Amino acid sequence: MFDYRPPPDLLAGRVILLTGAGGGIGRACALGLLAHGAEVVLLGRDEGKLEKLYDEAETAWPGRCHIQPVDLARVGEAECDAIAAGIAERFPALDGLVHNAALLGPRAPLAHYGEAHWREVMQVNVHAAFLLTRALLPALEQSADARVLFTASAVGREGRAFWGAYGVSKFAVEGLMQTLAAEVGTTTSIRVNSLNPGATRTAMRAAAYPGEDPSTLPAPESLMPVYLYLLGPEARHIHGQALNAQDFDRSLL
């Protein structure tokens, strides 16, 4: 794994919004960001999980964790605009946006893929990410060193049978990343990238590979050096890149 030992104040003074914060990589990322000085806004659909995480954060880092229950399967333009308005009212700028939330959907051939499932996966993985990014761009533009990080997947870089809407949505995420990166790269300080976490011990991975022994997979916490590096000041030169956590090496960037 990536050998990076960031200082405890790496993200001090930065405000970062993270989706899908209730569990897995999102939860590990939230705690990692807080532990390194960031103020975080956590979005998720499970209010109970968010409140539990908030209580934990308040004990260790009082006043730096904010939660926003949101169901991305139903979120629309008005709600995303309201979230952005709340961010603008509370903070002078937004320094990071991490799109971690995703829906797996059925593992099935396209010939038998239901329209309702297709729409739901595309809504959570692509449409909600677009709406939220668009709404938050003004706050990101106020930052002197902002980041947008999309969560990618190997099945969104090379098509594989039976991955259905999830695989297609991850191809769309890569396109969204590249388009946004091309648009903001020379006119703002926003750096935009995608990161494929790879095989990780999460509930989604267990659902996708039910026969796999989860104890053989790295824990979400092992990915945090990569996330911290990409969201910190040292990564301002990395832009428009489709990255992989498992072979991440800053010397190659």
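As shown above, the structure is provided for reference.
All of the points below concern the structure found in this document. None of the values given here were measured: they were computed from a predicted structure.

Conventions we followed
Residues numbered from 1 in each chain as written. Predicted model: local features only at pLDDT ≥ 70, side-chain atom pairs only at ≥ 80, totals over all residues. Heavy atoms only, no water. Helix = DSSP H or I, 4+ residues; strand = E, 2+ residues; numbered from the N terminus. Rg over C-alpha atoms; globule rule 2.2 N^0.38 Å. Buried < 20%, exposed > 50% of the residue type's maximum accessible area, 1.4 Å probe, protein only. Contact = heavy atoms within 4.5 Å. Areas by Shrake-Rupley, 256 points an atom, 1.4 Å probe, with all protein chains shown as cover. Lys, Arg positive; Asp, Glu negative; His and termini not counted. Charge placed at Lys NZ, Arg CZ, Asp CG, Glu CD. Pairing = 2+ DSSP bridges. Axes fitted to C-alpha atoms, helices over the stretch in contact; angles between N-to-C directions. Core = buried A, V, L, I, M, F, W, Y, C linked by side-chain atoms within 4.5 Å. Salt bridge = Lys/Arg side-chain N within 4 Å of Asp/Glu carboxyl O. Patch = residues over 30% accessible without salt bridge, like charges linked within 9 Å, V, L, I, M, F, W, Y side chains within 5 Å. Right-handed = clockwise from strand over helix to strand, strands pointing away.

Quick look at the overall build of the chain now. When helices and strands are counted, the chain shows seven helices and seven strands. Secondary structure of the chain in N-to-C order comes out as β-α-β-α-β-α-β-α-β-α-β-α-α-β. For the chain, the C-alpha radius of gyration of 17 Å lies close to 18 Å, the compact-globule estimate for 253 residues. Taken along the three principal axes of its C-alpha coordinates, the chain extends 50 × 40 × 40 Å. Counting the 253 residues in the chain, one finds 51% classified as buried. Across the chain, every contact between residues at least 6 apart in sequence was considered, and the portion connecting residues at least 24 apart equals 73%. Put simply, the chain shows about 11500 Å² of open surface, and 53% of that area lies on carbon and sulfur atoms. Across the chain, the mean location of the 21 positive side-chain charges is 4 Å away from that of the 28 negative side-chain charges.

What follows deals with the sheet that holds strand 5 (residues 147-151). Read across the open sheet, the seven strands follow the order 3-2-1-4-5-6-7; overall the sheet is parallel. Pairing within the sheet leaves two strands with one partner each, and these edge strands are strand 3 (65-69) and strand 7 (242-244). Sheet twist, expressed as the mean angle between neighbouring strand axes with direction ignored, is 20°. Bridging between strand 5 and strand 6 (residues 191-196) involves five bridges; their strand directions are parallel.

The subject of this paragraph is unusual backbone geometry. Phi is positive for Phe162, which is not a glycine, with a value near 75°. For Phe162, a relative accessible area of 48% gives the class partly exposed.

All right, on to the nonpolar core then. Counting 41 residues, the largest nonpolar core has Leu17, Leu136, Leu140, Phe150 and Val192 as the members making the most contacts within it. Breaking this core down by element, the ones donating at least two residues are strand 1 (15-19), strand 2 (39-44), helix 3 (77-90), helix 4 (115-141), strand 5 and helix 5 (164-184). In terms of residue count, helix 4 provides more of this core than any other element does, 11 residues in total. In this view, Phe150 contacts His99, Ala129, Thr133, Val173, Leu176, Met177, Leu180, Val192, Asn193, Ser194 and Leu195; residues no more than four positions away in its chain are not counted. Counting 37 residues, the second largest nonpolar core, distinct from the first, contains Leu18, Ile25, Leu50 and Ala245.

Here the focus is the pattern of salt bridges. According to the stated counting rule, one finds 10 salt bridges in the structure shown. Put simply, Arg205 and Glu212 hold a salt bridge, and the shortest N to O gap is 2.8 Å. In this structure Arg205 comes out as partly exposed when scored by relative accessible area, which is 22%.

Taken together, the side chains of Asp46, Glu47, Glu51 and Asp55 present a region of like negative charge at the surface. One can find Asp46 in the loop between strand 2 and helix 2 (47-60). Asp46 gets classed as partly exposed once you look at its relative accessible area, which sits at 36%.

Among the six residues of strand 6, six are classified as buried, and the element is accordingly described as predominantly covered. On strand 6, burial covers both faces: Arg191, Asn193 and Leu195 on one face and Val192, Ser194 and Asn196 on the other are all buried. As a crossover connection, the stretch from strand 5 through helix 5 into strand 6 is right-handed. By the bridge criterion, three bridges tie strand 6 to strand 7 in an arrangement that is parallel. From the neighbouring strand, Ser194 faces strand 7, where its bridge partner is Ala242.

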